[in-house]
Amino acid sequence: MGRTPNICAGPFGALYSFYIERPWLTQAIGRALWGIDTSVLYDSMGLLAEIGDGSTVLDVPCGGGVAFRALPSGTDVCYVAIDIDERMLARARERALRRGLSRVEFVAGDMLALPFDDGVADLVLSYSGLHMVSDPERAVRELARCLKPGGRLVGTTFLAGGTRRARALLGISARRGHPRPPAREDVVRWLTDAGIVDAQVGPQPGFAAFGGRRAGHCTDLN
Ligand SMILES: C[S@@+](CC[C@H](N)C(=O)[O-])C[C@H]1O[C@@H](n2cnc3c(N)ncnc32)[C@H](O)[C@@H]1O
């Protein structure tokens, strides 16, 4: 089987990185093209303001570093930004420099086989990556595996269904070899099967936030 195409590894990655940093523009594009509400992405990042000093955060896939906006400056956390594409990582590095975030680590890695030991993270962020990979269930297992017991998983994903236009666009994309986004109930099941408790996927059509907590005793993120 050939490698899953990564649309962000081409010129689209630069365009994506431009608009995702502008929530108003992302919202306009999301609504007009996909009929989705992208505010759930930015809203869910608020959790970063609650993380305690000494916490470990994995951000996978980090893309151009959109989640850095929610990281309070001066926070003493171990923040690791992971992406499979070096150009997206380079954009994330630039973004971190511009934001004065000198302590972010960057790792080239595949969310289907994360290069981390079990239970290293207090918080795992996974924004808009599940719909990019060939085996999103395995990606969910990897994200959950890296969490400490009680650690939080937060992310977003495109979902199957949505508007007629979205379904048509997804059909075109699938014919070009891109994965089809998962169904809401599949994401809930994958999270639960991976040991995530209080697994939730938002009710919004087409694009929603998901999350939960790894079973076990709690970390500082409570
Ligand atoms: C739509 S972007 C989302 C990036 C960022 N989280 C955001 O919300 O802007 C998807 C990202 O997934 C990355 N990606 C695709 N396949 C991947 C994989 N198997 N492992 C890690 N990253 C991957 C792409 O390079 C791209 O940066």
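Residues numbered from 1 in each chain as written. Predicted model: local features only at pLDDT ≥ 70, side-chain atom pairs only at ≥ 80, totals over all residues. Heavy atoms only, no water.

Draft legend 1. Layout of the site of the ligand. The full set close to the ligand counts 19 residues, and Tyr16, Pro61, Asp83, Asp110 and Tyr127 are the nearest of them. At a separation of 2.7 Å, an oxygen atom of the ligand approaches a polar side-chain atom of Asp83. The separation between a nitrogen atom of the ligand and a polar main-chain atom of Tyr127 is 2.8 Å. For the ligand, whose unbound accessible area comes to 600 Å², protein coverage reaches 96%. Grouping the constituent residues of the shell around the ligand by class yields 12 nonpolar, 4 polar and 3 charged. (Near = heavy atom within 4 Å. Polar contact = N/O pair within 3.5 Å; in protein donor to acceptor, adjacent residues only side chain to side chain. Areas by Shrake-Rupley, 256 points an atom, 1.4 Å probe, with all protein chains shown as cover. Nonpolar A, V, L, I, M, F, W, Y, C, P; charged D, E, K, R; others polar.)

Draft legend 2. Here's a closer look at helix H4 (residues 86-98). The end-to-end C-alpha separation of H4 is 18 Å, in line with the 18 Å expected for 13 residues at 1.5 Å each. Looking only at H4, the buried set comprises Met88, Leu89, Ala92, Arg95 and Ala96. All buried residues of H4 project into a common sector of 115 degrees when viewed along the axis, lining one side. Set apart from the buried face of H4 by more than 90 degrees, the exposed residues are Leu97 and Arg98. Contacts from the buried residues of H4 go to helix H1 (11-20), strand S2 (78-83) and strand S3 (105-108). Backbone nitrogen of Arg87 and a side-chain oxygen of the N-cap are separated by 3.3 Å at the start of H4; the cap is Asp85. Just downstream of H4, Gly100 is the residue with a positive phi angle, here 70 degrees. (Helix = DSSP H or I, 4+ residues; strand = E, 2+ residues; numbered from the N terminus. Expected span 1.5 Å × (residues − 1). Buried < 20%, exposed > 50% of the residue type's maximum accessible area, 1.4 Å probe, protein only. Arc of directions from axis to C-beta. Contact = heavy atoms within 4.5 Å.)

Draft legend 3. Broad picture of empty space enclosed by the protein. One pass over the full model with this rule turns up 1 cavity of 30 Å³ or more. Every residue lining the largest cavity is listed: Trp34, Gly35, Ile36, Phe158, Leu159, Gly161, Gly162, Thr163, Ala166, Leu170, Pro205 and Gly206. Class assignment for the residues of the lining of the largest cavity results in 7 nonpolar, 5 polar and no charged. (1 Å grid on protein atoms, 1.4 Å probe; cavity = no way out; pocket = protein on both sides within 12 Å on 5 of 7 lines; lining within 4 Å. Points joined across faces, edges and corners; volume = space filled by probe spheres on them.)

Draft legend 4. Fine view of the layout of surface pockets. Reported here for the second largest pocket is a volume of approximately 240 Å³. Arg152, Gln200, Phe210, Gly211 and Gly212 are, among the 14 residues lining the second largest pocket, the residues nearest its centre. Counting only elements with at least two residues in the lining of the second largest pocket, the list comes to strand S5 (147-158), strand S6 (196-201) and strand S7 (207-214). Broken down by element, the lining of the second largest pocket gets its largest block of residues, 5 residues, from S7.

All we've got here are geometric facts, nothing functional implied.
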